[in-house]
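Letter by letter, the chains look like this.
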Amino acid sequence: MSHSVTITRTTTSTTNTSYIVLNTGYLKTFPGILKLFELIIGAAIVGILAYNFQSYRGYFSSGQQDLFHFLMATTFMIGTFCLLLACLTSLSTGGIIAKTIYELIYHSVAAILLLASSTCLLIRLRDVKIDSYMVAGVLGLVNAVLYFISAFLAHRSYRGI
């Protein structure tokens, strides 16, 4: 199956020995903006949970909901960073990778696991009120919605709609 690839705008910086290509036009597309927001929200979740991790560890002695959410947020933040970096540093990656099943699987798994980890954390927080963890749980739900939208767009792109 053949697909067309559109490259919108490119900024090239050259030095004496090598050159760096930045596909800045990718950040002006809807999938590029979604990936950027997923990365920013993921970094906020990881920052909040990392800052408060040892402080509230005793409250979660019966369960590992905070650790599960921390691991899921970190995992998909790193994965989204790698995807975004690949799309920004290559002229054709943004157009090609969107047409593969990889993005569909990645965003679907991210949405489901972030939804599960956020829900588990928020359910646990019914008993113990910790505002920073509540913020991390709600941000996780927001990020899960963004990943669901990305999965929907990836599905449409994969099917060629």
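If you're wondering where the values come from, they're calculated on a predicted model, not measured in any experiment.

### As for the overall build of the chain
Part 1 of the argument: In terms of helices and strands, the chain carries five helices and two strands.
Part 2 of the argument: Ordered by position from the N terminus, the helices and strands of the chain form the series β-β-α-α-α-α-α.
Part 3 of the argument: Per-residue burial over the chain gives 40% buried out of 161 residues.
Part 4 of the argument: Across the chain, every contact between residues at least 6 apart in sequence was considered, and the portion connecting residues at least 24 apart equals 72%.

### Side note on the environment of threonine 29
Part 1 of the argument: On the secondary structure map, threonine 29 appears in the loop between strand S2 (19-22) and helix H1 (30-52).
Part 2 of the argument: Taking the relative accessible area as the measure of exposure, threonine 29 reaches 25% and is therefore partly exposed.
Part 3 of the argument: At 2.6 Å, the side chain of threonine 29 and the backbone oxygen of tyrosine 26 are in polar contact.

### What to know about helix H5 (residues 131-159)
Part 1 of the argument: With 29 residues, H5 ought to run about 42 Å at 1.5 Å a step, and its terminal C-alpha atoms sit 42 Å apart, in line with that.
Part 2 of the argument: Glycine 160 sits one or two residues past H5 and shows a positive phi near 80°.

### Description of the packing of aromatic side chains
Aromatic ring pairs are defined here through the distance separating the ring centres and the angle between the ring planes.
Part 1 of the argument: Evaluated as defined, the whole model comprises four aromatic pairs.
Part 2 of the argument: Seen from their ring centres, tyrosine 106 and tyrosine 147 are 6.3 Å apart, and the 75° between their planes marks the pair as edge-to-face. Separated by 41 residues along the polypeptide, tyrosine 106 in helix H4 (residues 101-124) and tyrosine 147 in helix H5 bring together distant segments of the chain. Judged on exposure class, the residue tyrosine 106 and its partner tyrosine 147 are both buried.

### Some details on the pattern of salt bridges
Part 1 of the argument: Summed over all chains, the structure comprises two salt bridges.
Part 2 of the argument: One salt bridge connects arginine 124 with aspartate 127, and the closest N-O pair in it is separated by 3.7 Å.
Part 3 of the argument: On the basis of relative accessible area, aspartate 127 is assigned to the exposed category, the value being 62%.

### So, the nonpolar core
Part 1 of the argument: The biggest cluster of nonpolar side chains holds 32 residues, and the ones touching the most others in it are Ile45, Leu49, Phe76, Leu114, Leu125, Tyr133 and Tyr147.
Part 2 of the argument: Broken down by secondary-structure element, the contributors of at least two residues to this core are H1, helix H2 (65-89), H4 and H5.
Part 3 of the argument: If you tally residues by element for this core, the top one is H2, at nine residues.
Part 4 of the argument: Contact partners of leucine 49, with chain neighbours within four places excluded, come to Asp66, His69, Phe70, Tyr133 and Ala136.

### With respect to a nonpolar patch on the surface
Part 1 of the argument: On the surface, a cluster of nonpolar side chains totalling about 390 Å² of accessible area is made up of Leu27, Ile33, Leu36, Phe37 and Ile40.
Part 2 of the argument: Assignment of secondary structure puts isoleucine 33 in helix H1.

### Some details on the side chain of serine 150
Part 1 of the argument: The residue serine 150 is located in helix H5 in this model.
Part 2 of the argument: Using a relative accessible area of 7% as the deciding quantity, one classes serine 150 as buried.
Part 3 of the argument: Those residues in contact with serine 150 that lie beyond four places of it in its chain are Leu34, Glu38 and His107.

Definitions and limits used
- Residues numbered from 1 in each chain as written.
- Predicted model: local features only at pLDDT ≥ 70, side-chain atom pairs only at ≥ 80, totals over all residues.
- Heavy atoms only, no water.
- Helix = DSSP H or I, 4+ residues; strand = E, 2+ residues; numbered from the N terminus.
- Buried < 20%, exposed > 50% of the residue type's maximum accessible area, 1.4 Å probe, protein only.
- Contact = heavy atoms within 4.5 Å.
- Polar contact = N/O pair within 3.5 Å; in protein donor to acceptor, adjacent residues only side chain to side chain.
- Expected span 1.5 Å × (residues − 1).
- Phe/Tyr/Trp six-rings, centres within 6.5 Å; stacked < 30°, edge-to-face > 60°.
- Salt bridge = Lys/Arg side-chain N within 4 Å of Asp/Glu carboxyl O.
- Core = buried A, V, L, I, M, F, W, Y, C linked by side-chain atoms within 4.5 Å.
- Patch = residues over 30% accessible without salt bridge, like charges linked within 9 Å, V, L, I, M, F, W, Y side chains within 5 Å.
- Areas by Shrake-Rupley, 256 points an atom, 1.4 Å probe, with all protein chains shown as cover.

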